[in-house]
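# Report on the structure
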Amino acid sequence: MQCIVCTSEHFSEFYKTNVTAKDLKRYQITENTPRFYGAMLKCRLCGVVSITFDTPYLTKLLTNYKHSGQDVVYIAEEQQRRRTARNLLKKINTFFPDRKGKLLELGCYIGSFLFEAKCSGWEVYGIDLSHWAAREAQRRYNLSIHNGDAIQTLAQFSDHSFEVIVALDFIEHLPKPQELIDLLHKKLKPGGLFIITTPDINSITARLFGKQWYAIVPSHLHYFSKSSIRYLLENGGFTITQYKYHTRYFSLWYLGYRLSGFSFPLARFLGGIFNSEFFNQRNV
Ligand SMILES: [Zn+2]
């Protein structure tokens, strides 16, 4: 096994696995099931943590996602997701004070971010593998997104097509992230901006919650830290301009929903309280 970031062959065990391909069910990105994960190994050189997965695991994961169907929890939280998008767009737009252009989102799901980007003046493009999400983006926001594999679809665009490419909580799902990073560097215009968010395996919450950390789910193949994401991006030719914490808005109802997936009693109890209609419109 070689590290997907630095090609080192030296790993240490991070967590043992508790899942195999046969355990995988159709999942949605708002999944809150108890934590299942493949065997997690940490690269001794760059620090990326990867699960060991075989072809059946990956095939099942991708098939399940393509046919994942309606995600009612995501839709219930849509207003908060759009508020989060507007907040991020404010930051992106400061890099383009005079003129906007083409913006592509990888893994755009139902188009909440793209819709807000369109409203703020961008010519928007999106790619997502989920059939339902692509139909919903069209029905809800009149967005015609590309329903397919990100790397194959991205390869079809001309080089230097986009001013901005966005990948929000996306890179950790890809079996070969470096391939994508190298390709998208070519698709950006010179001086273009790439915005990436991904859970930080070195964060305080990751250390505090351990195996119970919210980001440990079967669909995450890699877990990055500041140093390993820097390695990945610089390998692909990028210069890192800023690291920032990504501000997310969510309702107490959603917080409760996520907490209700935890296995320890206090979190489930709190989850039970918050996961009610009463809190649906309140923000934290
Ligand atoms: Zn490495």
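These numbers come from a predicted model, not from an experiment.

Take the nonpolar core next. Ranked by size, the top nonpolar core spans 59 residues in total, and within it V5, V48, L103, I165, V166 and A167 carry the most contacts. Per element, the largest residue contribution to this core is six residues, and it comes from strand β7 (residues 162–168). Dropping the residues within four chain positions of it, I165 is found in contact with L104, L106, L184, K187, L188 and F194.

Moving on, we come to the sheet that holds strand β1 (residues 11–15). Strand order in this open sheet of four strands is β1-β2-β3-β9, and the pairing throughout is antiparallel. Whereas interior strands pair on both sides, the edge strands pair on one side only; in this sheet they are β1 and β9 (222–223). As paired strands, strand β3 (residues 49–51) and β9 are joined by two bridges and run antiparallel to one another. Looking across to β9, one finds that S50 is bridged to H222.

Further remarks concern the packing of helix α3 (residues 78–93) against helix α4 (residues 112–119). Between α3 and α4, the least distance of the axes is 9 Å, while the angle of their chain directions is 50°. The orientation of α3 relative to α4 falls into the category oblique. Crossing hand, α3 versus α4: right-handed. Seen from α3, the contacting residues are E78, R81, R82, A85, R86 and L89; seen from α4, they are S112, F113, E116 and A117.

Basis of the calculations
Residues numbered from 1 in each chain as written. Predicted model: local features only at pLDDT ≥ 70, side-chain atom pairs only at ≥ 80, totals over all residues. Core = buried A, V, L, I, M, F, W, Y, C linked by C-beta atoms within 7 Å. Buried ≥ 20, exposed ≤ 12 C-beta atoms within 10 Å, placed from the backbone. Helix = DSSP H or I, 4+ residues; strand = E, 2+ residues; numbered from the N terminus. Contact = placed C-beta atoms within 7 Å. Pairing = 2+ DSSP bridges. Axes fitted to C-alpha atoms, helices over the stretch in contact; angles between N-to-C directions. Parallel < 35°, antiparallel > 145°, perpendicular 65-115°, else oblique. Left-handed = near helix turned anticlockwise from the far one by under 90°.

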